[in-house]
Amino acid sequence: MASALADKLTRLVKELRGQARITESNVQDMLREVRMALLEADVALPVVRDFIARVKDKALGQEVLGSLKPGQTLVGIVNRELAATMGQGVADINLAAQPPAVILMAGLQGAGKTTTTAKLAKYLIEKRKKKVLTVSGDVYRPAAIEQLQTVTRQAGGAFFPSLPEQKPLDIALAALDHARKHYFDVLLVDTAGRLAIDQAMMEEIKALHAALNPVETLFVVDAMQGQDAINTARAFREALPLTGIVLTKLDGDSRGGAALSVRQITGVPIKFAGVSEKLDGLDVFDAERHAGRILG
Ligand code: GDP
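Thresholds, definitions, all that
Residues numbered from 1 in each chain as written. Predicted model: local features only at pLDDT ≥ 70, side-chain atom pairs only at ≥ 80, totals over all residues. Heavy atoms only, no water. UniProt positions renumbered as here; feature names shortened; annotations may be inferred. Helix = DSSP H or I, 4+ residues; strand = E, 2+ residues; numbered from the N terminus. Phe/Tyr/Trp six-rings, centres within 6.5 Å; stacked < 30°, edge-to-face > 60°. Buried < 20%, exposed > 50% of the residue type's maximum accessible area, 1.4 Å probe, protein only. Lys NZ or Arg CZ within 6 Å of the ring centre and 35° of its normal. Salt bridge = Lys/Arg side-chain N within 4 Å of Asp/Glu carboxyl O. Core = buried A, V, L, I, M, F, W, Y, C linked by side-chain atoms within 4.5 Å. Contact = heavy atoms within 4.5 Å.

Before going further, it helps to spend a moment on the UniProt feature "domain: SRP54-type proteins GTP-binding" (unreviewed entry) in the protein. UniProt marks residues 269-282 with the feature "domain: SRP54-type proteins GTP-binding" (unreviewed entry), using the numbering shown here. In this annotation, residues 269-282 is assigned 0% helix and 43% strand; the end-to-end C-alpha distance for the span is 16 Å.

Rendered as structure tokens:
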């Protein structure tokens, strides 16, 4: 529960203790505190505005129950709204496809795509008992292919080799053919990222998507990215029919407001959270727990 914010709000409305409902006059100061908490957690400004408007609608006229004060009541509403916003949809990975189920990984360079690809491989092998193949279409970053090979091996998966001089589309199609012929259940396709949104990168991943027809297209985003996450999310949503989000680096000290921004902008569920550099550091995303973290 968001104790820091709850304390603040309770203090704010101390003088209003006699009030039995949340009103236009007592809600403004409280909402200002909520807004500050969300901005401090790095939720993007337009997302904060929308969120505050929704909370205000829900809060106005709300009876304050029993011994609860208006501040506590509002925190309850905020928490529920945060959890509901971030938690909608199916959180587990979808493999409902004619095997091999293809999972396409998208995101900026450094977001954690390669690490998450191996984490997912490990998860699918150990928890879902699947036969998993990985392939890297990142022919630009030196050592990216080798990195995936190393972590795939650590995860216990099979790796389809590729070379920097090949075209990403050719690599992916060859891997798909190999996966079919060798009865793999899942093909995880790691892709090239750039440091910033770049048209050539988007065209490339769109072509990969069209050719592979993935059952999951996962947008991997760094929780530490903060305010910028909204622009990255928007660009990827416009380019690709995303099916889920993986929020990485939640073991860092960010309050993880990017989750709310990215969830709202893409409209797809946050399926997993990356919580360490290690390959077992992948949790199914817990919206309620994350709501508490955002509010601090
Ligand atoms: P890519 O460029 O998107 O493929 O990103 P990488 O998978 O190479 O990850 C970039 C860096 O972030 C590496 O140093 C990873 O170890 C690290 N990383 C990825 N996911 C996590 C995570 O959940 N927590 C932490 N602490 N580090 C992570």
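Having seen it, we continue.
With that settled, the discussion passes to the packing of aromatic side chains. This model, assessed by the stated rule, comprises 2 aromatic pairs. Between Y123 and F272, the aromatic rings sit 5.3 Å apart at their centres with planes inclined by 75°, giving edge-to-face as the arrangement. One end of the pair, Y123, is in helix α5 (residues 113-126); the other, F272, is in strand β7 (residues 270-274), and 149 residues separate them in sequence. Grouping residues by exposure puts Y123 and F272 together as buried. Sitting over the ring of F184, K131 keeps its end group 4.5 Å from the ring centre. Here R194 stacks its cationic end above the ring of Y140, 4.7 Å away from the centre of that ring.

Working definition: two side chains of opposite charge can pair if their charged atoms are close together. Following the criterion strictly, the structure yields 14 salt bridges and no others. Taking the shortest distance from any N to any O, the salt bridge between D198 and R194 comes out at 3.4 Å. Ionic pairing is found between D283 and R289, a salt bridge with its closest N-O pair at 4.0 Å. For D283, a relative accessible area of 30% corresponds to the partly exposed category. If you follow the salt bridges from partner to partner, you end up with R54, K58 and E81 in one network.

Now for the nonpolar core. In a soluble, globular protein the nonpolar side chains are often hidden away together inside. By size, the foremost hydrophobic cluster in this structure holds 73 residues, and its most contacted members are L38, L74, L82, M86, L187, F236 and L247. Per-element accounting of this core gives the leading share, 7 residues, to helix α4 (residues 70-87). Not counting chain neighbours up to four residues away, the residues in contact with L82 comprise L38, F51, L260, A291, I294 and L295. The next biggest cluster of nonpolar side chains, apart from the first, holds 26 residues, and it includes M105, L124, F159 and V215.

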